[in-house]
Every structure is written in C-alpha cells, then in structure tokens.
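Residue-level structure breakdown
Chain residues, written in single-letter form:
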Amino acid sequence: MATTSRGRAQDRAKVAGGQDHEVKYEAKKEGVSKDTVKKAVKSAGNSRKKVETEIGRH
C-alpha cells in the first residue's frame, strides 16, 4: 500500500467523496459528472468497485 508524504497509508481501492480531486478523477475516468460520482459514493459506499458499478447502472 502506498504512503502519503505525511507517512499515512493510502488506499487506492476507495473513493473519498469529500476529496474534490478524487471525485474529479473518478468523474473524468468514468465520463460522468462530479455530482454523479458523489451520489454513487453516497449510495454505494466508498469502495471504488462499488462506485463504478453504481455509475454503470445509471
């Protein structure tokens, strides 16, 4: 698992819905709006796989 510059563990398998840069990255990757990603995180949880599945349903 990668670490941040502060030495904290970084989990790339999750989407932090409150972090604008993560939401923006996922939105660009999936070709949807940031709002769609935030709604997917809220309904499916922060697992990247679950978020991508949720986005695929809509």
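Residues numbered from 1 in each chain as written. Predicted model: local features only at pLDDT ≥ 70, side-chain atom pairs only at ≥ 80, totals over all residues. Heavy atoms only, no water.

The name recorded for the protein in an unreviewed UniProt entry is DUF3606 domain-containing protein, from Rhizobium leguminosarum bv. trifolii WSM2297.

**A few points about the side chain of Arg48**
Going by this rule: A run of H or I in DSSP becomes a helix once it reaches four residues, and a run of E becomes a strand once it reaches two; helices and strands are each numbered from the N terminus. Throughout this description, a polar contact denotes any pair of N or O atoms lying within 3.5 Å of each other; where both atoms belong to protein, one of them has to be capable of donating a hydrogen while the other can accept it, and for residues adjacent in sequence the pair is counted only when both atoms sit in side chains. Contact criterion: two residues are considered in contact whenever any of their non-hydrogen atoms come within 4.5 Å of each other.
Counting through the fold element by element, Arg48 comes out in helix α3 (residues 48–57). A polar side-chain atom of Arg48 sits 2.4 Å from a polar atom in the side chain of Glu26. Each residue touching Arg48, except ones within four places of it in the same chain, is listed here: Arg12, Ala13, Lys14, Val15, Glu22, Tyr25, Glu26 and Lys29.

**Some words on the nonpolar core**
Keep this limit in mind: Throughout, nonpolar core names a set of buried Ala, Val, Leu, Ile, Met, Phe, Trp, Tyr and Cys residues whose side chains join them through atoms within 4.5 Å. Think of it in three bands: with a 1.4 Å probe and only protein chains considered, a residue is buried below 20% of the maximum accessible area for its type, exposed above 50%, and partly exposed in between.
Grouped together as the largest cluster of nonpolar side chains are 8 residues: Val15, Val23, Ala27, Val37, Ala40, Val41, Val51 and Ile55. For this core, the secondary-structure elements that each account for two or more residues are α1 (20–30), α2 (34–44) and α3. Considering every element that reaches this core, the biggest residue donor is α2, with 3 residues. Ignoring any residue separated from it by four or fewer positions in sequence, one finds Ala40 in contact with Gly45, Val51, Glu54 and Ile55.

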